[in-house]
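So the chains spell out like this:
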Amino acid sequence: MDIEQEEMQFLGVFDIFKEAYKIILTWRKIFSQITLTLIFPLSLLILIHIEVSDILFRKIIHNEIDLDETQVGTPKYNKLSDLISSEWTYLWLFKAAYFTFLLIFSLLSTSAVVYTVASVFTARELSFKKVMSVVPKVWKRLMVTFLWTFLAFFAYNVVAMILLIVVFVIMGAVSYYLGIGTLVVLGVSYVGGFIYLGLVWQLASVVSVLEDARGIQAMNKSKALMKGKMWTAIFIFGILTVLSFVIQFAFQKLVVHGWSFGELDRICYGILSLLVFVKLMLFGLVIQTILYFVCKSFHHENIDKSALSDHLEVYLLGEYVPLKAKDVQLEHFEV
């Protein structure tokens, strides 16, 4: 990156997008290799999940309709009942396999892209072979952070559900309209909290790779870094989330449910959706790493490039040795 660290704090949403595009374009060979190896399978997996889930679910719905119209106790009824049970089992097994591979490829892709962007930032010699040798060592740190984030989301949803039930019972007994109004307020608050946790997780993933922190420590560091840049993060990930939703919605309408189109048309739409989705995911991962450097700059935490380079070199040499905060992370520069 050509921009000075002190100036990165002034980057806005579209400046960050522009910087991400420049990095991908300049290092397009290695990003293309990472994309083909990790991000392409990840994107393909997500779209295949949409297609297969729809097929399995439509079969279940169709058989349940037939079951409702069949007399109870007949051989046909028993056969349909067993068939539906088997189909639900297949669906849940498919979901379990999907989420397992989704997690694996997500962590591997994040590891590869964050390491690559950080190497570009420190002007390190970079090759695809080096990146892929580092990924298996980095993703373990990301897994710890993911597990803590999962626990945070789980606890958040449990508390929200309990609070929702209590408020609904209490307010509903007092006034129906008051209960509805309170539920709307709680719903908006819930969405806001959910988005915030998502942002913390995104930045904590980068922290886990580039700093001596993982798990809850990385999450706390992420929360601290986002202060002052919260709206920038919200706009960035809001735009990326909307674009991702549009692509998946278009894929579902044009390919999965595109029965009015010819087979060739649906294949073309599917390929186009996949290509755009792949580019969006790569773009998002690069932006995620740049946002980390922007937040560091905003808090006047200068990153010693030579020390960060040594930190990245450790991944290549073997067992990970934590980088001390005093060596690289919190060297404040004068404004």
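Reading guide: rules and limits
- Residues numbered from 1 in each chain as written.
- Predicted model: local features only at pLDDT ≥ 70, side-chain atom pairs only at ≥ 80, totals over all residues.
- Heavy atoms only, no water.
- Axes fitted to C-alpha atoms, helices over the stretch in contact; angles between N-to-C directions.
- Helix = DSSP H or I, 4+ residues; strand = E, 2+ residues; numbered from the N terminus.
- Parallel < 35°, antiparallel > 145°, perpendicular 65-115°, else oblique.
- Left-handed = near helix turned anticlockwise from the far one by under 90°.
- Contact = heavy atoms within 4.5 Å.
- Nonpolar A, V, L, I, M, F, W, Y, C, P; charged D, E, K, R; others polar.
- Buried < 20%, exposed > 50% of the residue type's maximum accessible area, 1.4 Å probe, protein only.
- Phe/Tyr/Trp six-rings, centres within 6.5 Å; stacked < 30°, edge-to-face > 60°.
- UniProt positions renumbered as here; feature names shortened; annotations may be inferred.

S.K.: Could you give an account of the packing of helix α3 (residues 28-68) against helix α8 (residues 230-256), naming the residues involved and the relevant values?
M.R.: Taken N-terminus to C-terminus, the directions of α3 and α8 make an angle of 50°; their axes are 11 Å apart at the nearest point. In terms of orientation, α3 and α8 fall into the oblique class. Judged by the sense of rotation from one axis to the other, the crossing of α3 with α8 is right-handed. Between α3 and α8, the residues in contact are I46, L47, I50, E51 and D54 and Q248, F251, Q252, V255 and V256, respectively. Residues of the contact of α3 with α8, tallied by class, amount to 6 nonpolar, 2 polar and 2 charged.

S.K.: An account of the side chain of T116 is requested, with residue identities and associated values reported.
M.R.: Mapped onto the elements of the fold, T116 is located in helix α4 (residues 75-121). Exposure remark for T116: the relative accessible area of 0% places this residue in the buried category. Contact partners of T116, with chain neighbours within four places excluded, come to I30, F31, I34, L126 and V131.

S.K.: Hey, could you go over the packing of aromatic side chains for me, with residue numbers and the actual values?
M.R.: All told, the structure shown has 15 aromatic pairs when counted by the stated rule. Look at F57 and W88: their rings are 6.2 Å apart centre to centre, the planes differ by 80°, and that puts the pair in the edge-to-face class. Of this pair, F57 sits in helix α3 while W88 is found in helix α4, placing the two residues 31 residues apart along the sequence. Residue F57 is classed as partly exposed on the basis of its relative accessible area of 41%. Relative to Y269, the ring of F261 has its centre 5.4 Å away and its plane inclined at 75°; by these criteria the two rings are edge-to-face. Since its relative accessible area comes to 31%, F261 is described here as partly exposed.

S.K.: I'd love a proper account of the UniProt feature "transmembrane region" (unreviewed entry) in the protein chain, names of residues and values included.
M.R.: UniProt marks residues 30-50, 96-121, 142-171, 177-210, 231-251 and 271-295 with the feature "transmembrane region" (unreviewed entry), using the numbering shown here. Secondary structure across residues 30-50 divides into 100% helix and 0% strand, with the first and last C-alpha atoms of the span separated by 29 Å. Its end C-alpha atoms 37 Å apart, residues 96-121 is made of 100% helix and 0% strand.

S.K.: With reference to specific residues and values, describe the packing of helix α2 (residues 13-26) against helix α9 (residues 263-298).
M.R.: The geometry of α2 relative to α9 is characterised by a closest axis approach of 9 Å and an angle of 120° between their N-to-C directions. With respect to the hand of their crossing, α2 and α9 are arranged in right-handed fashion. Residues I16, F17, E19, A20, Y21, I23 and I24 of α2 pack against L282, F283, V286, I287, I290, L291 and V294 of α9. Per-class residue counts for the contact of α2 with α9 are 13 nonpolar, no polar and 1 charged.

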